[in-house]
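Chain by chain, the residues run as shown.
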Amino acid sequence: MKIAFTTSDRVHINAHFGWARLIDVYEISDEGYHFVETLNFEGELKEDGNEDKITPKLDALADCTIVYVTAIGGSAAARLIKKGVTPVKARSEEEEISEVLNKLVQTLKGNPPPWLRKALQQKPATFTDEVGDEATV
C-alpha cells in the first residue's frame, strides 16, 4: 500500500495539507518500505477558501491509503476520505517520516489497530470494477 506525507524538508511531517508543496510517497508492507516519489505542487497554495488548489493533490493521492499531515481543513479531509484515502494528523511537526514508517511496518506485522484495518479495507472500487458490477446486474 502507498502512504503519503506532507513535508517541507522531506524528513519531517511538517506541512499543512492545503499548503504543502511537497508530498513524499512510500510503498509499505509488513516486510518494509521504500520511497516511490515526491509529488511537487506549485501556485498560490496558502490562499484559504480556494478549493481548486487541493484538486491536483486529491488526484495525485488517489492510489494512496493514508496521508499524514500536520493539519487539514474539513473540506479537504472529507474529499480525501471520499476517495478512500485516510488523513492522519502527525503528533508534531518534529515527527520524522522514517519513524512513522518503521512503526507502521511493525504494526502491519502484528495486529493493526481498528483505524488502520479500516483504512486498509476502504479503498474504493476502480471504475472498471464498477462497470463490471453493473454489467452483471
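An account of the accompanying structure is given in this report. (Residues numbered from 1 in each chain as written. Predicted model: local features only at pLDDT ≥ 70, side-chain atom pairs only at ≥ 80, totals over all residues. Heavy atoms only, no water.)

**Points about the overall build of the protein chain**
So the rule is basically this: The numbering of helices and of strands both runs from the N terminus, where a helix is a DSSP run of H or I of at least 4 residues and a strand a run of E of at least 2. Each residue gets one of three labels from its accessible area relative to the maximum for its type: buried under 20%, exposed over 50%, partly exposed in between, using a 1.4 Å probe on protein chains only. Whether two residues are in contact is decided by their heavy atoms: any pair within 4.5 Å suffices. Every accessible area reported is derived by Shrake-Rupley at a probe size of 1.4 Å, with residue values counting cover from the shown protein chains alone.
When helices and strands are tallied, the protein chain shows 5 helices and 5 strands. Reading the protein chain from its N end, one meets helices and strands in the order β-β-β-α-β-α-β-α-α-α. Buried residues in the protein chain amount to 39% of all 137 residues. Considering only contacts within the protein chain whose residues lie at least 6 apart along the sequence, 55% involve residues at least 24 apart. Carbon and sulfur atoms make up 51% of the accessible area of the protein chain, which totals about 7800 Å².

**Comments concerning the sheet that holds strand β1 (residues 2-7)**
Sheet strands pair by backbone hydrogen bonding; their relative direction is either parallel or antiparallel. Short version of the rule: Paired strands, in this sense, are two strands between which DSSP finds at least two bridges. An axis is simply a line fitted to the C-alpha atoms; with a helix, the fit covers only the stretch in contact. Between two such axes, the angle follows the N-to-C directions and lies from 0 to 180 degrees.
Taken together, the 5 strands give an open sheet; going across it, the order is β3-β2-β1-β4-β5, and neighbouring strands pair in mixed fashion. Two strands close off the open sheet at either side, each with one partner strand: β3 (32-40) and β5 (86-89). When strand polarity is set aside, the average angle formed by the axes of neighbouring strands in this sheet is 25°. Note that strand β2 (residues 22-29) and β3 share 8 bridges and pair antiparallel. When the sheet's bridge partners are listed, Leu 22 is paired in β3 with Asn 40.

**Notes on a negative patch on the surface**
Spelled out, the test is: Residues with no salt bridge and a relative accessible area higher than 30% make up the patches, which join like charges within 9 Å and nonpolar side chains (Val, Leu, Ile, Met, Phe, Trp, Tyr) within 5 Å. What counts as a salt bridge is simple: a side-chain nitrogen of Lys or Arg found within 4 Å of a carboxyl oxygen of Asp or Glu. For this count, His and the chain ends are skipped, Lys and Arg are scored as positive, and Asp and Glu as negative. Each charge is placed at NZ for Lys, CZ for Arg, CG for Asp and CD for Glu.
There is a patch of like negative charges on the surface, built from Asp 9, Glu 93, Glu 94 and Glu 96. Locating Glu 96 in the fold gives a position in the loop between β5 and α3 (97-109).

**What to know about unusual backbone geometry**
One non-glycine residue, Arg 10, lies in the positive phi region at around 65°. Structurally, the position occupied by Arg 10 is in the loop between β1 and β2. For Arg 10, a relative accessible area of 40% gives the class partly exposed.

**Remarks on the packing of aromatic side chains**
Heads up, the condition is: Any pair of Phe, Tyr and Trp rings, taking the six-membered ring for Trp, is counted once the centres come within 6.5 Å. Such a pair is stacked with planes under 30 degrees apart, edge-to-face with planes over 60 apart, and tilted for the rest. Should the NZ of a Lys or the CZ of an Arg lie within 6 Å of a ring centre and within 35 degrees of the ring normal, that charge is described as sitting over the ring.
Applying the stated criterion across every chain yields a total of 4 aromatic pairs. Ring centres of Phe 5 and Tyr 68 lie 5.3 Å apart, and the angle between their planes is 15°; on these two criteria the pair is classed as stacked. Highlighted residues: Phe 5 in strand β1 and Tyr 68 in strand β4 (residues 66-69), separated in sequence by 63 residues. When the centroid spacing of 5.5 Å and the interplanar angle of 75° are considered together, the rings of Tyr 26 and Phe 35 count as edge-to-face. According to the relative accessible area criterion, Phe 35 is partly exposed, its value standing at 37%. Put simply, the rings of Phe 5, Tyr 26, Tyr 33, Phe 35 and Tyr 68 touch in pairs and so form one group of aromatic residues. One residue, Lys 57, lies across the ring of Phe 17, its end atom 5.6 Å from the ring centre. Here the basic side chain of Lys 57 rests over the ring of Phe 41, its NZ or CZ set 5.4 Å away from the ring centre.

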